[in-house]
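# Understanding the architecture of this molecule
The primary structure of each chain is shown beneath.
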Amino acid sequence: MFDDPNVVLHCEKIDKIYPGTKALDQVSFDLLKAKVNVLIGENGAGKSTLMKMIAGIEQPSAGKMYMDGQEVYFKDTNAARARGIGIIHQELSLFPNLTVYQNIFMNHEKTNMGFLDDKQHVDGAIKILKRLEHEIPPDTMVGDLRVGQQQMVEIARNLVDNDLRVLIMDEPTSSLSAAEVKVLFKIMRELLEQGISIVYISHRLEEIMEIGDHVTILRDGKYVADADIKDITLEWIVENMVGKNTQYHRFTRSIDLDHAEKILEVKNLSLPKTGGGWLLDNVNMYLKKGEVLGIYGLLGAGRSEVFECLMGMRPEHSGEVDYNGKPMKIGSIADQLNAGFAIVPEDRQRQGLVQSLDICKNASLASLEDFATLSLMNYAAEEKAVDAEIQELHIKVADKHLPILSLSGGNQQKVVIAKGLMTKPTVLLMDEPSRGIDIGAKTEVFEIIHKFSEKGLSIIVISSELKEIMAIADRIYVLSNGKCTAELSGSEITEDNLVRASYAGLGTGKNHAA
Amino acid sequence: MKKDNSQLIMTLLKGRTFIVLILLIIFFSFASPSFLSLNTLTMVAKHVALYGILALGMTFVIITGGIDLSVGSVVGLVGMLAGGLIQEGLTIGAKTYYFTVPAIVVLMLCIGCLIGLVNGLIITKLNVAAFITTLGTMYICRGLANLRSNGATFAAIGGYEGLGNVGLKALGADFMGIPAGVYVFAILSIIAAVLLNRTPTGWHILAVGGNEKSAKLSGIKADQVKIMTYVISGFCAAWIGLINTAQLSAAHPASGDGWEMNAIAATVLGGTSMSGGSGTIIGTIVGAFVIGVINDGMTMCGVSEFWQKIIRGAVIILAVVIDQTQRNLQAKMALQARNESK
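Residues numbered from 1 in each chain as written. Chains lettered and ligands numbered in written order. Predicted model: local features only at pLDDT ≥ 70, side-chain atom pairs only at ≥ 80, totals over all residues. Heavy atoms only, no water.

## Let's talk about the overall build of chain B
- Within chain B, the secondary structure is distributed over 13 helices and four strands.
- Taken against the 2.2 N^0.38 rule, which gives 20 Å for 342 residues, the C-alpha radius of gyration of chain B at 22 Å falls within 12% of a compact globule.
- The C-alpha extent of chain B, read off along each of the three principal axes, is 85 × 55 × 35 Å.
- Across the 342 residues in chain B, those meeting the buried criterion constitute 49%.
- Restricting to contacts in chain B with at least 6 residues of sequence separation, those with at least 24 account for 77%.
- Summed over its atoms, the accessible surface of chain B is roughly 15,700 Å², and 70% of this surface lies on carbon and sulfur atoms.
- Charged side chains of chain B number 21 positive and 13 negative; the gap between the two group centres comes to 10 Å. (Helix = DSSP H or I, 4+ residues; strand = E, 2+ residues; numbered from the N terminus. Rg over C-alpha atoms; globule rule 2.2 N^0.38 Å. Buried < 20%, exposed > 50% of the residue type's maximum accessible area, 1.4 Å probe, protein only. Contact = heavy atoms within 4.5 Å. Areas by Shrake-Rupley, 256 points an atom, 1.4 Å probe, with all protein chains shown as cover. Lys, Arg positive; Asp, Glu negative; His and termini not counted. Charge placed at Lys NZ, Arg CZ, Asp CG, Glu CD.)

See below:
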């Protein structure tokens, strides 16, 4: 039995196991009453997962939760809501096809003899939006609002009922402007005065120092530390977030990169975001022949978008690209492949593989035309080329005509890499090449990257794992909120520099300086 | 100046189905002088009620992002079951029971709901695509309708005084010059509009169609909402099974064949998005009238059945193309407004 008047909700040794991974490992957490409880951790540390347990969106695999001295179990969001727990989701969970007031009162409808009372809805919506200092006409379609306004509607939804005790905010400011953040903080302080407890997840460290009361740090699904904000510094947070374990072997380079030619140069690359703002904001970067270039950044910083622009998947981008010293016009994906670009996408299952095809076909998919004479396939040539690639990359394959899903994650990833390499690229783009594979396979993937870069292939690697990118990259660009906030090489590549730069674009909101 | 222009275009686009309906009526009244007579309009209304009631149910299903191909077969099956009950009764062991017409109507509506329930359960609980599920039940219901009589027609649906089961034909008769089916269509339309616009359930249907994940996160039981829409669709189809049988004075197992397509066409013409999330009852009603006026108008002008099909197909595609144009224009205008405010 757990009872402490200062703790509104207590989590006791929560486990959450997903197929293949342990997202939460024996995490205990006290949610302090009428305080801003901050949760910090790198991407995938388990912050959002823990909040999903508390909000009833998912259920723990093991462990218990207590409120008011009683054990509670939330089988769905309604059960958590009945206990006064509301959540503002990281990804907006609104209905673009409905009006502002319909969104605000969805599933909390006011009725009169069983029929909707829209006057109450409209009046209520006006009142709540006025409190939020966003007087949006309540009958506006939510799909027509700017993202910041949508975020306000999302917040308004949680203020409909007066029984709110806990409000979970999962990165609520990620799409707000500086002025909107100010309003949000004012609301948060009001809520605290009413005795409501807040859980606040954010990557913006300055904000946390301003609004937070107590901070809890998670890493790799485990509890690391907790402390009152007044007792700590930014350095303490970074140190605990990143940790000090696991080191990767750093490769030595034989290529003289200082005198290598620039093979690719990107100037003023910008990409507009639907609903306002910019996914990429005047990004400049270059890549030398034989170089392994890293792009580091938090989720949503714009990393994958750089690749998508280069591969012709984002025709709405602006900016110039020089390739081999000549200006390049980015065409379709097929044009970019022919020009010598290849990509190993982030989501192996959805973007990298065709599950219904066998190993051999998955590997040769992007270069089938090389094995065709007069449009007829030369299977012998295809198989020979695939065999060579399997050997080159040490893919462990019993028979290349087995289903692709019969391979381990690491070997599947190598097949995706083989597919990219078989197009004989000049520039290889790798988006999170080590995601979801075991440590042995990671090392092998890094060895492949090193080996091919030594042969003169130019490679750009995106990673959100600090240690990994530090081990493999010759030079690193850090993206933050669509802006390039640092270019680091040699001894400048330190954890501290990387982490600081990854937050640097966030502080001032998103006003685009044109 | 330019803005005013595009706003006018938007208003015209939004009311396009209604404008098309008016134009069609004007066109056919010139093409065929007898078109604008009371008799013709009554006939058109009678036919429109048939597609229209099916389309009401279809609207709910399509708003949630689903589709119900089984309604045409449900029309046939319900007709055969009702006709059989009147003509032959229900034989259990050595005894044969006859039911009164109100009892038969209630029973048939329950059967329609039951088929909808089965559709909904298979789609949500077994995760089968709505298209496949209802394609399957479409064949099954058509097969059952034929099995009921071995393919024969029940002609004596008027019932027998002695058995106390007279009265089904009333559903096919006129009252004050207006066919009974039109009254049913009017009443069901009002109920449907109230359900969609004035009750929490209606909001939930729109929410599930607009963003199912968000709906679930809001605590809405999305599966239940979807199942309910198929039950509504089955319920509407059962009404048509009864009305159609009454109008024909006979139950034929091939009745309603292909009518699901008219219902879908009316729904789409009425502005309901096939990807879910938006749609109105009034739109569907206008859509049903467009389909009905085109069909009957062309027949009266002596257009061959073959050409009618081609024209109907072209109208449906055109409707969706215009729908898409409207969406693109809307997005463009929103973007323009944003840039101006910036």
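## Concerning the interface of chain B and chain A
- Listed as interface residues are 23 residues of chain B and, on the opposing side, 29 residues of chain A.
- Both faces considered, chain B and chain A share a buried interface measuring about 2,100 Å² in area, 57% of it formed by carbon and sulfur atoms.
- Inspection of the chain B/chain A interface yields one salt bridge.
- The shortest N-O distance in the salt bridge between R198(B) and D118(A) comes to 3.3 Å.
- In this assembly, chain B and chain A are joined by twelve residue pairs in polar contact (both at pLDDT 80 or more).
- At six residues, the largest contribution of residues to the side of chain B that touches chain A is made by helix α8 (residues 200–210) of chain B. (Buried area = accessible area lost by both parts, 1.4 Å probe. Salt bridge = Lys/Arg side-chain N within 4 Å of Asp/Glu carboxyl O. Polar contact = N/O pair within 3.5 Å; in protein donor to acceptor, adjacent residues only side chain to side chain.)

## Some thoughts on helix α17 (residues 495–504) of chain A
- For α17(A), the complete set of buried residues consists of L498(A), V499(A), A501(A), S502(A) and Y503(A).
- Buried residues along α17(A) sit in contact with α7 (205–211), α8 (234–242), β15 (292–297), α16 (466–472), β23 (475–480) and β24 (483–489) of chain A.

## Things to note about the pattern of salt bridges
Residues and elements named next belong to chain A.
- All told, the structure shown has 37 salt bridges over all chains when counted by the stated rule.
- Between E133 and K186 there is a salt bridge, with the nearest N and O atoms lying 2.6 Å from each other. Taken as a pair, E133 in the loop between α4 (118–131) and α5 (147–158) and K186 in helix α6 (residues 178–193) lie far apart in primary sequence, 53 residues in all.
- You can call E133 partly exposed: its relative accessible area is 45%.
- Overall, K186 belongs to the partly exposed group, its relative accessible area being 37%.
- In this structure, D387 and K400 form a salt bridge, with 3.3 Å as the shortest nitrogen-oxygen distance. One end of the pair, D387, is in helix α13 (residues 379–392); the other, K400, is in the loop between α13 and α14 (409–422), with 13 residues separating them in the sequence.

## Considerations on the packing of α8(B) against helix α10 (residues 222–248) of chain B
Residues and elements named next belong to chain B.
- Viewed as axis vectors pointing N to C, α8 and α10 meet at an angle of 105°, and their least axial separation amounts to 10 Å. Comparing their axes, α10 and α8 come out roughly perpendicular. Taking contact as the criterion, the partners of T201, H204, I205 and V208 in α8 are, on α10, A222, V225, K226, M228 and T229.
- In terms of residue class, the contact of α8 with α10 is built from five nonpolar, three polar and one charged. (Axes fitted to C-alpha atoms, helices over the stretch in contact; angles between N-to-C directions. Parallel < 35°, antiparallel > 145°, perpendicular 65-115°, else oblique. Nonpolar A, V, L, I, M, F, W, Y, C, P; charged D, E, K, R; others polar.)

## Considerations on the sheet that holds strand β1 (residues 7–18) of chain A
Residue and element names in this part refer to chain A.
- Read from one edge of the open sheet, four strands run β2-β1-β4-β5, paired in antiparallel fashion. Looking along the sheet, the strands with just one partner apiece sit at the ends: β2 (21–32) and β5 (70–72). Neighbouring strand axes in the sheet, compared pairwise and without regard to direction, differ in orientation by 25° on average.
- Across four bridges, the pairing between β1 and strand β4 (residues 62–67) is antiparallel. Within β4, the position partnered with H10 by the bridge is Y66.
- Its contacts with the sheet place helix α1 (residues 47–54) against β1, β2 and β4, and it is angled at close to 65° to β2. (Pairing = 2+ DSSP bridges.)

## Describing the confidence of the model for chain B
- Looking at chain B, pLDDT values average 90 and 96% of them are 70 or higher.
- Across the interface, the model reports ipTM at 0.83; the global pTM reads 0.77. (pLDDT = per-residue confidence, 0-100.)

## Some words on unusual backbone geometry
Residues and elements named next belong to chain A.
- In this model, M113 sits at a positive phi of 55°, which is unusual for a non-glycine residue.
- Take M113: it is sitting in the loop between β7 (111–112) and β8 (115–116).
- In this model, N282 sits at a positive phi of 50°, which is unusual for a non-glycine residue.
- Secondary-structure assignment places N282 in strand β14 (residues 278–288).

## Concerning the state of the cysteines
All names here are of chain B.
- As enumerated under the stated definition, the model contains zero disulfides over all chains in all.
- For the unlinked cysteine C141, the closest cysteine sulfur is that of C113, found at 13 Å.
- In this model C236 remains outside any disulfide bridge; the closest cysteine sulfur is found in C113, 8.9 Å from its own.
- Taking the relative accessible area as the measure of exposure, C236 reaches 5% and is therefore buried. (Disulfide = S-S within 2.5 Å.)

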